[in-house]
Amino acid sequence: MDSDDEFNSSQGSEDEFMNDQDSDVSIGDADDGEFLVLRPKKSVNKFRWLDSDIDIDEGDGGFESQDKDIKSSKHSYEVDFTVYSPEQIQEHQNSQIGEVGNILGQPPEATAILLRHARWNKERLIESYMDRTEEVLESAGLGESASDPPKIEKIKGFACDICCEDEPGLESFAMKCGHRFCVDCYKHYLQTKIKDEGEAARIRCPGDGCNRIVDSKSLDFLVSDNLKDRYQELLTRTYVDDKDNLRWCPAPNCEFAVECGVKDKELAKIVPTVHCDCGHFFCFGCSLTDHQPAPCSLVKKWLKKCEDDSETANWISANTKECPKCHSTIEKNGGCNHMTCRKCRHEFCWMCMGIWSEHGTSWYNCNRFEEKSGSEARDAQAKSRQSLERYLHYYNRYANHEQSAKLDKDIYLKTEKKMSQLQISTGMSWIEVQFLESASQALQQCRQTLKWTYAFAYYLARNNQTEIFEDNQKDLEMAVENLSEMFEKPIDQLESLKVEMMDKTAYCNKRRIILLNDTAENLKSSNWEFNVVLS
Amino acid sequence: MSAGSKKRILKEYGECMNDTPSGMKINFDEQNMTEWEVLMDGPEQSVYAGGHFKLKITFPIEYPFKPPVVSFKTKIYHPNVSNDEKGSMCLGMLRPEAWKPPNKVVSVLHLIQTLLIEPNSDDSIEPSIATEYKDNRKEFEKTAKDWVKRYAK
Ligand SMILES: [Zn+2]
Ligand SMILES: [Zn+2]
Ligand SMILES: [Zn+2]
Ligand SMILES: [Zn+2]
Ligand SMILES: [Zn+2]
Ligand SMILES: [Zn+2]
């Protein structure tokens, strides 16, 4: 099928590109000998229309894929999903209409109305149609079977009940129900419904008290072309809106929909991040931007808390800080947390304001909030101060990664220009400078993950799993800071840093996968204890 | 407003003259035919008996493809009339998704009258009045009559 070919060919080219990179440089980690296998982003997808409760779907075709066994490379934190373009959604609607139409013995126009009326639950529609045909037709607005093509007629003595026009030769239109109006009024009525009221699937006959649904043949016949597009768009919208396993990509102006089988009730155990073809990563559960490893309900709580505490928290996430040694004001201008004071050359960590040299060693503990001793906690005032401090500890890191991700992005935009110059001066190909984009993407993605690890950690109650989590968080953070530091180097050094940078990029990605796998597996088996209830 | 809409409103005014529900009077201004003033007596068999209510019916530009807008200018204690300065009534055929272009104002007038005799507590705009109407009819009637005395004489 056409759409399938399109999908596979685009996936193929992505594959090629990744392989290119793979063969260019061997990406491995010298320390533990582990290799990161770069996969095309979409290989986790199953190209199959999931509709678990209806068996008939198996034969639908169009979305079946040859890539089924690729699933084995899936990570614990990944979920199966498929991205569909508006055309594919349309196609799938059409194929369902065709199939059900055959079973019911109804033409496509009527079948479409029946399916939309049944909210695309084919099984229930077929069953109820077989049991009580007349009743189903009646309630869907199809009083009797529609077979004649719609046509415009001039009828002697006709007066339009809407505009009161009655001149001879007035063109009029009526559906099977016989409610006849002049063509202009009929058109105007449909236009009002589609354009102003955004109605599509359930536009009724304009006749007083008539519940007959205007079928697509009649609509096609009466509605202007620009409105037809809008009508199709609305029909497609209702299709996706009616299905629990489909969701629109929330990215602005994106027209794709994503299918995923994760149900609402599973959201305390799974964080279903999906990746739209437009590039946007979002949560299928709540439509927010990717927030792994934190479950939806924690994210909701956290965002609410940040909003409520924003005044207290704002000052701490401000863009400027003082050098802990000489107290001169320092502004952060890159994503890296390794700060060097321009005045006294003191090197420190932007996040915890601790000495940087300590961060490079094994006891990097910028990420964990050290619980204060019990004696202090006994004091009620100290207790509330500590709870604020605890919150600020996590919020500070959360906000810092959010901000750094933005800065990293700015740097890439600036670098992009220089990279094209570098291409000219060094003769490097476009493919050869892509390592910078890969690094930039890794930084963004890892910071996005790190950001949410702090919200996750804030709600996490201490048990024997937490230490592994904190180690993973620390490792990822270190990897990110290393890469980020390299990323900020002047352009003329970048060519010679290429191999090292690709290495560090791969390492970041690997650390992220390890962290996400660990959190996802423990979430699934309820090994985490939270100090709030997951809803 | 299109010529078609004007023609239709004029025709409807003519029809209303022939079939005005009892106790209603329409003030029609040819200069401003999209706003009708309706003077209405509270129906004899209702709690609003003895009251005189002023209503405004406004025709939108898209009339008759969009429903007319009904608002009570006289305060009334009723589950289907909003208890604010708008005094709006929006149920049944008056809802945009229920309105059909062939529907006529005269039907709207009949609807209003029917609702004064028998309020629709299932599709209310004032839920607390609706609850009182259902569960404590005596109290409802007392307040409604009190409002008639206070605002509709
Ligand atoms: Zn007409
Ligand atoms: Zn009809
Ligand atoms: Zn998208
Ligand atoms: Zn979510
Ligand atoms: Zn300094
Ligand atoms: Zn630190």
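Above: the structure in question.
Now for a description of the structure that goes with this document. (Residues numbered from 1 in each chain as written. Chains lettered and ligands numbered in written order. Predicted model: local features only at pLDDT ≥ 70, side-chain atom pairs only at ≥ 80, totals over all residues. Heavy atoms only, no water.)

1. A word on the packing of helix 2 (residues 86–104) of chain A against helix 4 (residues 122–131) of chain A
Residues and elements named next belong to chain A. Cut-off, in case you're wondering: Every axis in this analysis is a line fitted to C-alpha atoms, fitted for helices over the stretch in contact. Angles between the N-to-C directions lie between 0 and 180 degrees. Secondary structure follows DSSP: runs of H or I at least 4 residues long count as helices, runs of E at least 2 residues long count as strands, and numbering of each begins at the N terminus. Convention used here: angles under 35 degrees read as roughly parallel, angles over 145 as roughly antiparallel, angles from 65 to 115 as roughly perpendicular, and any remaining angle as oblique. The crossing is said to be left-handed when, going from far helix to near helix, the turn is anticlockwise and less than a right angle, and right-handed when the turn is clockwise. We call two residues in contact when some of their heavy atoms are within 4.5 Å.
It is the contact of helix 2 with helix 4, at a shortest axis distance of 11 Å, that shows an interaxial angle of 20°. By the angle between their axes, helix 2 is roughly parallel relative to helix 4. The way helix 2 lies across helix 4 gives a crossing that is right-handed. Of the residues in helix 4, those in contact with Gln96, Glu99, Val100, Ile103 and Leu104 of helix 2 are Lys122, Leu125, Ile126, Tyr129 and Met130.

2. Focus: the packing of aromatic side chains
The following threshold applies: Only rings of Phe, Tyr and Trp enter the pairing, Trp through its six-membered ring, and a pair is recorded when the two centres are within 6.5 Å. The plane angle decides the type: under 30 degrees is stacked, over 60 is edge-to-face, the rest tilted. By definition, being over a ring means that NZ of Lys or CZ of Arg is both within 6 Å of the ring centre and within 35 degrees of the ring normal.
All chains considered together, the criterion is met by 32 aromatic pairs over all chains. The interplanar angle of 15° and the centroid separation of 4.0 Å between the aromatic rings of Tyr13 of chain B and Phe28 of chain B together place this pair among those described as stacked. A residue pair is termed long-range when its members are at least 10 positions apart, and Tyr13 of chain B in helix 1 (residues 3–18) and Phe28 of chain B in the loop between strand 1 (24–27) and strand 2 (35–41) qualify at 15 residues. Members of the aromatic cluster, connected to one another through ring pairs, are Trp302, Tyr391, Tyr394, Tyr395, Tyr398, Trp452, Tyr454, Tyr458 and Tyr459 of chain A. The ring centre of Trp248 of chain A lies 4.3 Å from the NZ or CZ of Arg237 of chain A, which sits over that ring.

3. Describing helix 1 of chain B
Residues and elements named next belong to chain B. Convention followed: Given a helix with a known number of residues, its expected span is that number minus one, times 1.5 Å. Think of it in three bands: residues with accessible area under 20% of the maximum for their type are buried, residues over 50% are exposed, and the middle band is partly exposed, with areas taken using a 1.4 Å probe on protein chains only. By construction, the arc corresponds to the directions joining the helix axis to the C-beta atoms.
Here helix 1 contains 16 residues, and its C-alpha end-to-end distance of 23 Å stays within 8% of the 22 Å for a straight helix at 1.5 Å per residue. Listed as buried for helix 1 are Ser5, Arg8, Ile9, Glu12, Tyr13 and Cys16. Viewed end-on, helix 1 has its buried residues packed into an arc of 140°, placing them on one side of the element. Pointing more than 90 degrees away from the buried face of helix 1 are the exposed residues Ala3 and Asn18. Where helix 1 is buried, its residues touch strand 1, strand 2 and helix 2 (105–117).

4. A short note on unusual backbone geometry
In the segment running from Gln292 of chain A into Pro293 of chain A, the intervening peptide bond is cis, with an omega of 10°. In the segment running from Tyr63 of chain B into Pro64 of chain B, the intervening peptide bond is cis, with an omega of 5°. Assignment of secondary structure puts Pro64 of chain B in the loop between strand 3 (52–58) and strand 4 (69–72). If you check the backbone angles, Arg119 of chain A has positive phi at about 50° while not being a glycine. Backbone geometry places Ser287 of chain A, a non-glycine residue, at a positive phi of 70°.

5. Here we look at the coordination of the zinc ion (ligand 1)
Residues and elements named next belong to chain A. Using the following cut-off: In this description, a donor is an N, O or S atom within 2.8 Å of the metal centre, a cutoff extended to 3.2 Å for sodium, potassium and calcium. Water is not part of the atom list, which can make sites seem incomplete. In these descriptions, tetrahedral denotes four donors with every angle between 85 and 135 degrees, square planar four donors and octahedral six donors with opposite donors over 155 degrees apart and the rest between 65 and 115, and irregular any other case.
Around the zinc ion (ligand 1), the protein supplies Cys160 (SG), Cys163 (SG), Cys182 (SG) and Cys185 (SG) as donor atoms, at distances of 2.2 to 2.3 Å. For the zinc ion (ligand 1), the four donor atoms in the first shell make angles of 103 to 120° at the metal, so the coordination geometry reads as tetrahedral. Each donor residue of the zinc ion (ligand 1) lies on one chain, and together they are spaced C-x2-C-x18-C-x2-C. Note on Cys160: relative accessible area 3%, which makes it buried.

6. So, the pattern of salt bridges
Residues and elements named next belong to chain B. Which entries qualify depends on this criterion: The salt bridge criterion pairs a side-chain nitrogen of Lys or Arg with a carboxyl oxygen of Asp or Glu, the two atoms within 4 Å.
Taken as a whole and judged by the stated rule, the model has 24 salt bridges over all chains. In this structure, Asp146 and Arg150 form a salt bridge, with 3.4 Å as the shortest nitrogen-oxygen distance. With Asp146 and Arg150 both in helix 4 (residues 137–151) and four residues apart, the pair spans about one turn of that helix. The class for Asp146 is partly exposed, based on a relative accessible area of 33%.

7. Brief notes about the sheet that holds strand 3 of chain B
Residue and element names in this part refer to chain B. We count it as follows: For two strands to be treated as a pair, DSSP must find no fewer than two bridges joining them.
Ordered in space as 1-2-3-4-5, the five strands form an open sheet in which the pairing is antiparallel. Only two strands of the sheet have a single neighbouring strand rather than two, namely strand 1 and strand 5 (88–89). Bridge count for strand 2 against strand 3 is seven bridges, and the pairing is antiparallel. Residue Glu35 lies in a different strand from strand 3, and its bridge partner there is Thr58. Relative to the sheet, helix 1 contacts strand 1 and strand 2, its axis offset from that of strand 2 by approximately 15°. Contacts between helix 2 and the sheet are confined to strand 1, strand 2, strand 3, strand 4 and strand 5, with strand 2 contributing the most and set at about 35° to the helix.

8. Thoughts on the interface of chain B and chain A
The line we're drawing: Computed with a 1.4 Å rolling probe, the buried area is the accessible surface lost when two parts are put together, summed over both parts. Whenever a nitrogen or oxygen atom comes within 3.5 Å of another N or O atom, the pair is scored as a polar contact, on the condition that within protein one atom can donate a hydrogen and the other can accept it, and that pairs from neighbouring residues in sequence are kept only if both atoms are in side chains. Throughout this entry, Asp, Glu, Lys and Arg are counted as charged residues, while Ala, Val, Leu, Ile, Met, Phe, Trp, Tyr, Cys and Pro are counted as nonpolar. The remaining residues, Gly among them, count as polar.
On the chain A side, the residues contacting the 15 residues of chain B number 20 residues. Approximately 1,500 Å² of surface area, both sides summed, lies buried where chain B meets chain A, with 54% of it carried by carbon and sulfur atoms. Per-residue buried area on chain B facing chain A is highest for Phe65, Lys100 and Pro102 of chain B; these three make up 43% of the total on that side. Among the ionic pairs, Glu165 of chain A bridges to Lys7 of chain B, the shortest N-O distance being 3.2 Å. Applying the counting rule to chain B against chain A returns nine residue pairs in polar contact (both at pLDDT 80 or more). Broken down by class, the residue content of the side of chain B that touches chain A amounts to six nonpolar, two polar and seven charged.

9. A look at the pairing of strand 4 of chain B
Note: strand 3 of chain B against strand 4 of chain B, four bridges, orientation antiparallel. In the strand pairing of strand 4 of chain B, Lys56 of chain B is matched with Ser71 of chain B.

10. With respect to the nonpolar core
What counts is decided by this rule: As used in this record, nonpolar core signifies buried Ala, Val, Leu, Ile, Met, Phe, Trp, Tyr and Cys residues forming a set joined through side-chain atoms within 4.5 Å.
Formed by 40 residues in total, the largest nonpolar core has its most connected members in Trp36, Tyr48, Phe72 and Met89 of chain B. Contributions of two or more residues to this core are made by helix 1, strand 1, strand 2, strand 3, strand 4, helix 2, helix 3 (127–135) and helix 4 of chain B. The element that contributes the greatest number of residues to this core is helix 2 of chain B, accounting for seven residues. In this structure Met89 of chain B touches Val70, Phe72, Asn80, Val81, Leu94, Ile112 and Leu115 of chain B, once residues within four positions along its chain are discounted. Residues Tyr77, Met486, Ile491 and Leu516 of chain A belong to the second largest nonpolar core, which totals 30 residues.

11. Some thoughts on the packing of helix 15 (residues 466–487) of chain A against helix 17 (residues 498–524) of chain A
Residues and elements named next belong to chain A. Here helix 15 crosses helix 17 at 160°, and the two axes come no closer than 9 Å. By the angle between their directions, the pair helix 15 and helix 17 is classed as roughly antiparallel. Crossing geometry of helix 15 relative to helix 17 is assigned as left-handed. Here helix 15 contributes Ile468, Phe469, Asn472, Gln473, Asp475, Leu476, Ala479, Val480, Asn482, Leu483, Met486 and Phe487 to the contact with helix 17, which in turn contributes Glu500, Met501, Lys504, Thr505, Tyr507, Cys508, Arg511, Arg512, Ile514, Leu515, Asp518 and Thr519. Here the contact of helix 15 with helix 17 is built from residues that sort into 13 nonpolar, five polar and six charged.

So yeah, pure geometry; function would need other evidence.
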